[in-house]
Amino acid sequence: MVDHTEEDQVFESAAELFGLLSAPIRLKIISAVCQGERNVSELLDRIGTTQSNVSQHLATLYRAGVLGRRRDGMQTYYQLRSERVAMLCRAVCTQVALELDEDEKRPVADRLTKPTLYR
């Protein structure tokens, strides 16, 4: 018999993680630091948004334990701390990318992404 309390904790934890990953900028940040440590300037160049926006998302990811950071003079460098999050992001983003490539071949019920109404 399944303990509903444990099951509820699993679903709560998963929902919290998906909420953390629900911002495209956070996914871009995670992707960038998966390839190595980055400072804020490097992240800004890769992501293409404002410094305050990147800083807010970096702070959220840092507080959640996804990223670590270190200071070197005036620069702050961020690195990945959660391989679990990186693996989840890779799996979901890879699946979505494959579906975008094969949009017409895959049955709608098997897609993670919504079908496009207008092309």
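From a predicted model like this one, the values you see are computed outputs, not experimental measurements. (Residues numbered from 1 in each chain as written. Predicted model: local features only at pLDDT ≥ 70, side-chain atom pairs only at ≥ 80, totals over all residues. Heavy atoms only, no water.)

A. Inspection of the packing of helix 3 (residues 40-47) against helix 4 (residues 51-63) at higher detail. Running from amino to carboxyl end, helix 3 crosses helix 4 at an angle of 110°, the nearest separation of the two axes being 10 Å. When the axes of helix 3 and helix 4 are compared, the pair comes out roughly perpendicular. Between helix 3 and helix 4 the crossing geometry is right-handed. The residues of helix 4 that touch helix 3, namely those facing Val40, Leu43 and Leu44, are Gln51, Val54 and Leu58. Of the residues that constitute the contact of helix 3 with helix 4, the class distribution is five nonpolar, one polar and no charged. (Axes fitted to C-alpha atoms, helices over the stretch in contact; angles between N-to-C directions. Helix = DSSP H or I, 4+ residues; strand = E, 2+ residues; numbered from the N terminus. Parallel < 35°, antiparallel > 145°, perpendicular 65-115°, else oblique. Left-handed = near helix turned anticlockwise from the far one by under 90°. Contact = heavy atoms within 4.5 Å. Nonpolar A, V, L, I, M, F, W, Y, C, P; charged D, E, K, R; others polar.)

B. Seen up close, the packing of aromatic side chains. Applying the stated criterion across every chain yields a total of zero aromatic pairs. A cation sits over an aromatic face here: Arg69 above Tyr62, 3.7 Å from the ring centre. The ring of Tyr77 is capped by Arg70, whose NZ or CZ atom sits 4.6 Å from the centre of that ring. (Phe/Tyr/Trp six-rings, centres within 6.5 Å; stacked < 30°, edge-to-face > 60°. Lys NZ or Arg CZ within 6 Å of the ring centre and 35° of its normal.)

C. Representation of the packing of helix 2 (residues 24-34) against helix 3 within the structure. It is the contact of helix 2 with helix 3, at a shortest axis distance of 10 Å, that shows an interaxial angle of 120°. Relative to helix 3, the element helix 2 is oriented oblique. Two packed elements cross with a definite hand, and for helix 2 against helix 3 that hand is right-handed. For the pair helix 2 and helix 3, contact is made by Ile25, Lys28, Ile29, Ala32 and Val33 and by Leu43, Arg46 and Ile47, respectively. Looking at the contact of helix 2 with helix 3, its residues break down into six nonpolar, no polar and two charged.

Everything listed here is a matter of coordinates, which is why it stays silent on function.
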